[in-house]
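Chain by chain, the residues:
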Amino acid sequence: MIDTTNEVLSLVNKREQQVATLMEKLFSAAQASAVFSTPVVAGNYTVVTACEVAVGGGFGSGMGQSPAPASREQQGETPQSVSGVGVGGGGGGGGGSNGRPVAAIVIGPQGVRVKPIVDVTKIAIAGITLGGTIAVMLRKVLK
Amino acid sequence: MQFKDVFQWRPVSGEPLIVDGQTITPQSRALIVRLPVGGFVWHLPTAVLVEQNGQVKRLPIVNVTRVLQLGLLASCVGIALAGWLASRKREENRT
């Protein structure tokens, strides 16, 4: 029984360490290196890409054990059925990340320029939504 | 746990880059949410500082995709509202 409890406790400690490491990695997204790339040199030009990054995660765990034999005997259980005490624990977590280039910083003979990077798919989806709204509204108004 | 421990909206500066006598410093902002059971980070680039001959120029980084998306979605809301008002006015005129 003591062995099992110690085993569960050591697993809980191990999990806490893993969560701490994972959280550290998660918050490393707040560093500048997560947003700006290392400079790429090509001829007279040096390019640095700037990205938007979003990272999130959550974790949870729990452990418990069944009541001690004495208290279970008081609850009416027979001594034969209270030979062992159960200990258990569990944990889980989830997370996600998203990154998208926003602009390219171009350093060249003409100086420093910030060139925006447009996500055509997202714009197209928003445009289709707008088109749908206009169609529905026109239908409603012209009825 | 205080509010500032949970939520942070802080500016971040990248490593300055020296090219052709110009010092380029990328700048960004990070929203950090620290919770006991997890966390969230949203980090976006904001500007580039260009320093040359003692003069500092700030070049903003605009997320064109987001601006266009918000513009189109605002148009959607505007058109929907206008259509609703028009149909309501027509119903009022009928009665």
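For clarity, every value in this text was computed on a predicted model and none was experimentally measured.

Focus: the overall build of chain A
Here is step 1: Scanning chain A from terminus to terminus reveals four helices and four strands.
Here is step 2: Along its sequence from the N terminus, chain A presents helices and strands in the succession α-α-β-β-α-β-β-α.
Here is step 3: For chain A, buried positions account for 12% of its 143 residues.
Here is step 4: Within chain A, residue pairs in contact and separated by at least 24 positions form 63% of the contacts whose partners lie at least 6 positions apart.

Observations regarding the overall build of chain B
Here is step 1: A count of helices and strands for chain B gives two helices and five strands.
Here is step 2: Of the regular secondary structure in chain B, the N- to C-terminal order runs α-β-β-β-β-β-α.
Here is step 3: For 95 residues, the compact-globule estimate of 2.2 N^0.38 gives 12 Å, and the C-alpha radius of gyration of chain B, at 23 Å, exceeds that figure by more than 25%.
Here is step 4: Over its C-alpha atoms, taken along the principal directions, chain B stretches across nearly 75 × 40 × 15 Å.
Here is step 5: Looking at chain B residue by residue over its 95 residues, the buried ones come to 18%.
Here is step 6: Of all intrachain contacts in chain B linking residues separated by at least 6 positions in sequence, the fraction that spans at least 24 positions is 23%.

Observations concerning the environment of Lys89(B)
Here is step 1: Note on placement: Lys89(B) falls in helix H2 (residues 64–94).
Here is step 2: Lys89(B) sits 22 residues away from Val67(B) along the chain, and the two C-alpha atoms are 33 Å apart.

As for the environment of Val12(A)
All names here are of chain A.
Here is step 1: Inspection of the secondary structure assignment puts Val 12 in helix H1 (residues 2–27).
Here is step 2: A C-alpha to C-alpha distance of 66 Å links Val 12 and Leu 142, two positions 130 residues apart in sequence.
Here is step 3: Apart from the residues within four sequence positions on either side, Val 12 is in contact with Met 63 and Gly 89.

Some details on the nonpolar core
Here is step 1: If you look at the biggest cluster of nonpolar residues, it comprises 21 residues, and the most contacted ones within it are Ala29(A), Ala50(A), Ile105(A), Val112(A), Val41(B) and Val48(B).
Here is step 2: Mapped onto this core, the elements with two or more residues apiece are strand S2 (45–65) and strand S3 (87–108) of chain A together with strand S3 (22–35) and strand S4 (38–52) of chain B.
Here is step 3: Other than its neighbours up to four places away in sequence, Ile105(A) contacts Val47(A), Val48(A), Ala50(A), Val112(A), Val114(A), Pro26(B) and Val48(B).

Brief notes about the domain arrangement of chain B
Here is step 1: Annotation of chain B at the domain level lists domain 1 (1–61) and domain 2 (63–95).
Here is step 2: Taking the mean C-alpha position of each, domain 1 of chain B and domain 2 of chain B sit 36 Å from one another.

Quick look at the interface of chain B and chain A
Here is step 1: Counting from both sides, the interface comprises 40 residues of chain B and, opposite them, 42 residues of chain A.
Here is step 2: Broken down by secondary-structure element, the contributors of at least two residues to the side of chain B that touches chain A are strand S1 (7–13), strand S2 (17–19), S3, S4 and H2 of chain B.
Here is step 3: No other element matches the 13 residues that H2(B) contributes to the side of chain B that touches chain A.
Here is step 4: Taken together, the residues of the side of chain B that touches chain A break down into 26 nonpolar, 13 polar and one charged.
Here is step 5: Both S2(A) and S4(B) contribute to a ladder of six bridges, which runs antiparallel. Residue pairing across strands places Gly57(A) opposite Gly39(B), the latter belonging to S4(B).

Focus on the confidence of the model for chain A
Here is step 1: For chain A, the average pLDDT comes to 83, and 86% of its residues sit at 70 or higher.
Here is step 2: When pLDDT is averaged over each helix and strand of chain A, the minimum, 60, is found for helix H3 (residues 69–74) of chain A and the maximum, 94, for strand S4 (residues 111–116) of chain A.

A short note on the pairing of S4(A)
Residue and element names in this part refer to chain A.
Here is step 1: Judged from the six bridges that link them, S3 and S4 form a sheet pairing that is antiparallel. Residue Ile 107 lies in a different strand from S4, and its bridge partner there is Val 112.
Here is step 2: Joining the antiparallel neighbours S3 and S4 is a turn of two residues.

Cut-offs applied
- The numbers attached to residues start from 1 for each chain and follow its sequence in the written order.
- Throughout, the order in which chains and ligands are written sets their labels, letters from A for the former and numbers from 1 for the latter.
- Given that the model is predicted, a residue must reach a pLDDT of at least 70 before its local features are reported, and side-chain atom pairs must reach 80 or more before they are shown or counted; all residues, however, enter totals for whole chains, interfaces and linings.
- To qualify as a helix, a DSSP run of H or I must reach at least 4 residues; to qualify as a strand, a run of E must reach at least 2; elements of each kind are numbered from the N terminus.
- Exposed residues have 12 or fewer other C-beta atoms within 10 Å of their own C-beta, buried residues have 20 or more, and partly exposed residues fall in between, where C-beta atoms are placed from the backbone.
- Residue pairs qualify as contacts under a 7 Å threshold applied to their C-beta atoms, which are placed from the backbone.
- Restricting the calculation to C-alpha atoms gives the radius of gyration, and the globule rule supplies 2.2 Å times the number of residues raised to the power 0.38.
- For this analysis, nonpolar core means a set of buried Ala, Val, Leu, Ile, Met, Phe, Trp, Tyr and Cys residues linked through C-beta atoms within 7 Å.
- Domain delimitation in this document rests on an assignment produced automatically or drawn from a domain database.
- Under the scheme applied here, ten amino acids are nonpolar (Ala, Val, Leu, Ile, Met, Phe, Trp, Tyr, Cys and Pro), four are charged (Asp, Glu, Lys and Arg), and all others, including Gly, are polar.
- Pairing between strands is defined by DSSP: at least two bridges between the two strands are required.
- Per residue, pLDDT measures the predictor's confidence, with a range of 0 to 100.

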